[in-house]
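What follows is the residue order along each chain.
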Amino acid sequence: ARSRAAPTRAATMVRLEVPGHVLQHFWDLANVEAETRQTSAVNLVHELKSAQDAFSVSGAVSDAEMGDAADVGGRLSGDGSGDENEAPPSLTGCSPVLVYALRRLARGLGSGRSGARQGFALALTAAFSEIPLVSLPDGLKLLKTSLDPITQATKGSEARDILMGQLFGVAALVRAMAARLAAGEMGRKEAVDFAAAVAEEVSALAKSKAYLAESASAVIVEITDALGGAEATGVGGDVTTVLERAQSLADWIAAPASDATPESIALATRLWPALPPALRARCDVLPPVTPEETETAANISHAVGGTKKSGSKKKGGELPEARRAAAAARWRSFFRRSHLEKVRDALADSSHAHPQVHTVWGLLMDAARLHSIPGALETLWETQVEQGLMTSGSHQRRFLGFRLFASLLASADAALVPALFSDNFNRCLLNNLAKRDNYLHAAADDCLAHVLKHAKAKDTPPDVRLSVVAALQRLGPHRLDKAGDKKNAVRELLGGLTGDDASEHARELMRIFVNAPEADGDGTDTHGDAPSAAARNKRRLWALEQAVGLWPRLPRETQRELLEFLVAHAYYRDEDGTGAVPKKGEKKRGKKETSVLLRVGVAPLAAPADGLREACAVRASALLAANVKARRAAAVAAAKSAANPKEKGKQNTESVDADRDRDRDPPPDLLAAAAALCRELDAPGSGAALVDGMPEECAAVRASLFSALDTLGAVEAKVGTPNGKKEEPREAVAVAVAPLLRALAVLQVSDWREFTPAIEDLPRCLGDLLAAKAKASEASKPSKNSKASKASKKKKGGDEDDEDED
């Protein structure tokens with residue numbers, strides 16, 4: 001019997017004729033070029049449809065030939081014999097060419113050759129979409145029977161190819177399901193049943209290997225999108241039904257935060273609106289359920305049900321707005337600092353996708369931008385990157401931090417830029433730029449190149465460009481000298497900043513600093529976790545740091561404005577204590593229009609002021625010390641230049657020009673400006689009062705100090721006039737004391753308890769010095785060669801005796 005059956009089987013195989021150009025399509029499906037694969041898939045499906053149409057017209061084909069054709073398919077799949085090779089029921093109506101093609105496409109998913117897996121999955125999707133003769137559940141059975149099972153003898157690489165083939169095949173069937181639903185060729189109930197079965201299969205694949213989890217989560221999202229999406233269907237819809245039936249998927253989403261994966265977070269946040277109440281309650285990677293969330297979900301579900309029954313356009317128009325509001329509320333609770341810290345470890349595990357960036361990061365960043373959640377991106381960066389990835393000992397995690405920096409900077413506004421240039425990130429960037437043999441040198445170099453490219457781009461907003469420049473200025477161009485060929489680019493970028501642009505940006509930063517956090521959208525969290533005053537003031541401190549970072553690029557007039565701003569808010573407050581802040585472009589009325597504090601400080605410093613005044617004091621002191629040092633250096637350089645002009649001529653042209661500019665325009669006396677401002681703010685009617693009130697006796701000492709400064713000012717003015725005579729030794733001593741008195745005038749308001757005793761005797765000593773000089777001047781003789789000398793000879797010699805006594 002076997003000898004008689006063998007020729008029949010062989011003859012049957014010969015009768016199956018597949019055109020050569022159809023076979024060529026299978027080779028083209030493995031091409032590395034995506035366009036070639038797409039063309040081959042379209043052409044192959046067209047040939048299969050033509051073959052199936054011809055097969056359907058010719059009803060004379062015998063059942064035996066169909067069975068033999070199915071058996072041929074079994075041989076191609078590598079199976080042996082008998083009943084195992086019998087085609088699934090729905091394939092019995094297919095042409096032999098279609099059966100052959102479907103089996104070969106399913107089997108080819110397990111091939112890792114070139115682009116075979118991508119091309120065969122594409123063709124399989126198109127075949128099941130355009131030829132709905134085969135049911136999708138039978139297509140799932142076809143995948144299982146076509147791909148080899150994984151046994152103990154299966155090698156690691158082979159097992160990987162088989163698992164990837166299963167996942168790609170399931171994804172192809174899911175996309176075919178979406179196409180059939182859209183074309184009306186599949187019922188809703190049938191689609192939900194198939195989706196639940198597929199979701200269970202995909203979840204099991206994800207748990208088998210970590211490298212499959214991200215792709216598996218993408219397939220789950222495509223399943224829910226095909227059913228209408230979690231947002232649109234809500235609780236009680238088709239997506240909820242799938243989640244209730246697919247227990248493996250539910251367990252994947254509801255994993256404890258300590259054992260959660262990035263895919264758990266991605267799926268939980270995407271399916272959040274449709275999670276069944278029981279699953280939502282045990283979902284640890286989402287914030288705890290609130291009564292508001294429950295009520296909102298119930299209202300939306302009720303509105304969806306009412307809209308479906310009545311077909312009311314009014315309700316349908318209200319739904320999108322209600323859904324957006326509910327989504328924004330959900331994401332605000334997710335971006336709470338405490339919750340982000342809770343899922344930090346799970347998000348850090350996304351580095352297993354190295355060198356790619358896991359899709360969960362794009363999901364979180366897009367949600368923060370879409371719903372305009374204040375401070376969300378800053379909190380995400382600080383909790384996950386600054387305090388997480390950048391402090392890790394893993395090179396992969398720090399590499400991920402660099403990639404996330406580039407992603408956030410590409411769409412960052414001016415307020416976010418200072419947050420991105422955080423301390424741990426800056427330290428990691430500079431350390432890896434320092435040496436070329438550092439493991440992450442290439443990544444750091446690429447990150448710096450991205451910063452420079454973004455700052456130079458024409459479509460970059462001016463305020464963002466200024467924020468980037470200020471951040472680089474804070475790092476210091478000299479610290480980037482070891483960045484290879486990019487050091488000149490950094491200096492060119494910093495040098496290309498105009499003074500007007502820098503001044504405008506500095507004033508905007510000053511406005512941000514004085515405003516309350518709520519005024520800039522950085523208020524307390526409505527879902528709890530109210531931040532401390534220091535946390536709420538973080539953006540204000542960033543603004544202050546950036547404004548000071550712009551100092552070298554500011555014109556001298558703006559430098560003076562910034563220093564006065566710092567001094568005013570370091571030591572003075574609004575006299576009436578209201579702390580009212582005018583809106584941008586709006587002026588206050590009444591006496592506040594003439595307030596000195598409003599003129600130099602933009603506005604009174606709004607509460608909470610914790611740590612802000614101390615920050616102003618520290619930076620004002622540093623700027624004053626640097627200015628004093630610069631003035632001394634300029635004076636020494638000018639003296640050397642005047643004493644030795646020949647040596648100056650030996651310098652190169654650039655140095656000569658630079659020295660000439662410095663000689664002609666030395667640094668301004670900011671210490672004098674600060675002392676004058678303090679005196680102006682101390683005056684009655686200035687609208688300002690000291691933060692640390694000064695007793696009357698200390699105020700009297702301060703008044704005598706300013707009186708002594710007035711006297712010194714007259715001496716300095718007389719010496720500095722063009723026709724003024726050369727200063728006497730006592731005048732020189734008095735003029736040299738002036739900077740000390742001005743410094744004490746500023747220091748006294750910072751701590752009057754410490755500096756008042758040091759000031760107390762200085763005005764009297766200065767008065768004695770100038771009084772002795774005046775007495776000596778009255779008794780001195782004029783020059784013999786002058787007319788006054790001749791006139792003085794007519795006088796008696798009593799004056800000469802007085803001069804001798806002096």
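Residues numbered from 1 in each chain as written. Predicted model: local features only at pLDDT ≥ 70, side-chain atom pairs only at ≥ 80, totals over all residues. Heavy atoms only, no water.

> Can you walk me through the overall build of the protein chain in this structure?
Per the secondary structure count, the protein chain includes 42 helices and two strands. Considering only residue pairs separated by 6 or more positions, the protein chain has 73% of its internal contacts joining residues 24 or more positions apart. In the structure as shown, the protein chain presents an accessible area of about 40500 Å², 53% of it carried by carbon and sulfur atoms. (Helix = DSSP H or I, 4+ residues; strand = E, 2+ residues; numbered from the N terminus. Contact = heavy atoms within 4.5 Å. Areas by Shrake-Rupley, 256 points an atom, 1.4 Å probe, with all protein chains shown as cover.)

> Sorry if this is basic, but what is going on with the environment of Leu 408 here?
The residue Leu 408 is located in helix α22 (residues 395–410) in this model. Ignoring anything within four residues of it in the chain, the contact list for Leu 408 reads Met 365, Arg 369, Leu 377, Trp 381, Leu 416 and Leu 420.

> I tried to follow unusual backbone geometry on my own but got confused; where do I start?
For residues other than glycine, phi is negative in most cases, and the peptide bonds are mostly trans. Here His 354 and Pro 355 are connected by a cis peptide whose omega angle stands at 5°. The step from Ala 607 to Pro 608 runs through a cis peptide bond, and the omega angle for that step is -5°. Summarising the element assignment, Pro 608 is placed in the loop between α32 (596–601) and α33 (612–643). Phi at Ser 114 is positive, roughly 45°, even though this residue is not glycine. Within the element layout of this structure, Ser 114 appears in the loop between α5 (96–108) and α6 (116–130). Backbone geometry at Ser 372 places phi at a positive 50°, although glycine is not the residue there. Tracing the backbone shows Ser 372 in the loop between α20 (359–370) and α21 (376–386).

> Would you mind going over the side chain of His 454 with me for this structure?
As for its placement among the helices and strands, His 454 is situated in helix α25 (residues 441–456). By relative accessible area, which is 13% here, His 454 ends up buried. Setting aside chain neighbours within four positions, we find His 454 in contact with Leu 409, Ala 410, Thr 460 and Val 464. (Buried < 20%, exposed > 50% of the residue type's maximum accessible area, 1.4 Å probe, protein only.)

> What is the right way to look at helix α28 (residues 499–514) in this model?
Residue pairs three or four apart in sequence face the same way in an α-helix, which turns once every 3.6 residues. For α28, built from 16 residues, the straight-helix expectation of 22 Å at 1.5 Å per residue is met to within 8% by its first-to-last C-alpha distance of 23 Å. Within α28 the residues assigned to the buried category are Ala 502, Ser 503, His 505, Ala 506, Leu 509, Met 510, Ile 512, Phe 513 and Val 514. Those residues of α28 that are buried are in contact with α26 (462–475), α30 (538–549), α31 (556–571), α32 and α33. (Expected span 1.5 Å × (residues − 1).)

> How should I be thinking about helix α36 (residues 670–682) in this particular structure?
Relative to the 18 Å expected for 13 residues at 1.5 Å per residue, α36 spans 18 Å between its end C-alpha atoms, a close match to the ideal helical length. The opening residue of α36 is Asp 669, an N-cap whose side-chain oxygen sits 3.4 Å from the backbone nitrogen of Leu 671. (Polar contact = N/O pair within 3.5 Å; in protein donor to acceptor, adjacent residues only side chain to side chain.)

> Would you explain the pattern of salt bridges in this entry?
Opposite charge on two side chains makes pairing possible when the charged atoms of those side chains draw close. In total, this model carries 24 salt bridges according to the counting rule given. Note that Arg 160 is salt-bridged to Asp 161, the shortest N-O span being 4.0 Å. Accessibility expressed as a relative area gives 41% for Arg 160, which makes it partly exposed. Residues participating in the shared-partner salt-bridge network are Arg 117, Arg 160 and Asp 161. (Salt bridge = Lys/Arg side-chain N within 4 Å of Asp/Glu carboxyl O.)

> Sorry, what's going on with the packing of aromatic side chains here?
Given two aromatic rings, one states the distance between the centres and the angle between the planes to describe the pair. Enumeration over the complete set of coordinates arrives at twelve aromatic pairs. On the basis of an interplanar angle of 75° and a centroid distance of 5.4 Å, the ring pair of Trp 331 and Phe 334 is categorised as edge-to-face. Taken together, the positions of Trp 331 and Phe 334, both in helix α17 (residues 313–334) and three residues apart, correspond to about one turn of that helix. You can call Phe 334 buried: its relative accessible area is 0%. Following the ring pairs from residue to residue traces out a cluster consisting of Trp 381, Phe 402, Phe 405, Phe 421 and Phe 425. The lysine or arginine in question, Arg 104, covers the ring of Phe 26, its NZ or CZ lying 4.5 Å from the ring centre. Lying across the ring of Phe 168, Arg 117 places its NZ or CZ 5.9 Å from the centre. (Phe/Tyr/Trp six-rings, centres within 6.5 Å; stacked < 30°, edge-to-face > 60°. Lys NZ or Arg CZ within 6 Å of the ring centre and 35° of its normal.)

> For this particular structure, what's the right way to read the packing of α20 against α22?
For any two helices packed against each other, one specifies the inter-axial angle together with the distance between the axes. Direction vectors running N to C along α20 and α22 enclose 30°, while the axes themselves pass 12 Å from each other. Considering the angle they form, α20 stands roughly parallel to α22. Taken as a pair, α20 and α22 cross one another with a handedness that is right-handed. Counted together, Trp 361, Met 365 and Arg 369 of α20 and Leu 400, Leu 404, Ser 407 and Leu 408 of α22 form the full contact between these two elements. Residue composition of the contact of α20 with α22, by class: five nonpolar, one polar and one charged. (Axes fitted to C-alpha atoms, helices over the stretch in contact; angles between N-to-C directions. Parallel < 35°, antiparallel > 145°, perpendicular 65-115°, else oblique. Left-handed = near helix turned anticlockwise from the far one by under 90°. Nonpolar A, V, L, I, M, F, W, Y, C, P; charged D, E, K, R; others polar.)

> Teacher, can you tell me more about empty space enclosed by the protein here?
To find the voids left in a structure, one rolls a probe of water-molecule size over its atoms. Overall, the coordinates contain four cavities of 30 Å³ or more when judged by the stated rule. Counted as a void, the largest cavity has a volume near 60 Å³. As for the largest cavity, its lining consists of Pro 418, Phe 421, Ala 470, Ala 471, Arg 474, Trp 542, Glu 545 and Gln 546. Those elements that provide at least two residues to the lining of the largest cavity are α26 and α30. Computed from the structure, the second largest cavity encloses a volume of approximately 40 Å³. Of all the elements in the fold, those that place two or more residues in the lining of the second largest cavity are α20, α21 and α22. With three residues, the single largest contributor to the lining of the second largest cavity is α21. Of the residues belonging to the lining of the second largest cavity, the class tally is seven nonpolar, no polar and no charged. (1 Å grid on protein atoms, 1.4 Å probe; cavity = no way out; pocket = protein on both sides within 12 Å on 5 of 7 lines; lining within 4 Å. Points joined across faces, edges and corners; volume = space filled by probe spheres on them.)

> Explain the packing of α30 against α33 to me, please; I cannot follow it from the model alone.
Interhelical geometry of α30 versus α33 gives an angle of 10° and a closest axis separation of 11 Å. By the angle between their axes, α30 is roughly parallel relative to α33. Residues Arg 540, Leu 541, Leu 544, Glu 545 and Val 548 of α30 pack against Leu 612, Ala 615, Cys 616, Arg 619 and Leu 623 of α33. Looking at the contact of α30 with α33 residue by residue, the classes come out as seven nonpolar, no polar and three charged.

> Sorry, what's going on with the confidence of the model for the protein chain here?
Detailed reading of predicted coordinates is not advised where the pLDDT is low. Averaged over all residues, the pLDDT of the protein chain is 78; the fraction at 70 or higher stands at 75%. Across residues 312–317, where pLDDT falls below 50, the model places four contacts with residues more than four positions away in sequence or in other chains. Here residues 519–528 is modelled with pLDDT under 50, and outside its nearest four sequence neighbours on either side it reaches 20 contacts, counting other chains as well. (pLDDT = per-residue confidence, 0-100.)

> Would you take a moment to explain the state of the cysteines for this structure?
In a disulfide, the sulfur atoms of two cysteines are covalently bonded to one another. Counted according to the given criterion, the structure contains zero disulfides. No disulfide involves Cys 428; its nearest neighbouring cysteine sulfur is the one of Cys 447, lying 9.3 Å away. (Disulfide = S-S within 2.5 Å.)

> Teacher, can you tell me more about the side chain of Thr 240 here?
Residue placement: Thr 240 occurs in helix α12 (residues 238–245). On the basis of relative accessible area, Thr 240 is assigned to the buried category, the value being 3%. Sequence-distant contacts of Thr 240, defined by excluding residues within four places in its chain, comprise Gly 234, Val 235, Ala 274 and Pro 276.

> So what exactly am I meant to see when it comes to the environment of Ala 570 here?
When you line up the elements, Ala 570 lands in helix α31. Beyond its immediate sequence surroundings of up to four residues, Ala 570 is in contact with Arg 613, Cys 616 and Ala 617.

> Is there a simple way to explain the environment of Asp 501 in this structure?
Positionally, Asp 501 belongs in helix α28. Considered as a pair, Asp 501 and Pro 462 are 39 residues apart in the sequence and their alpha carbons are 8.0 Å apart.

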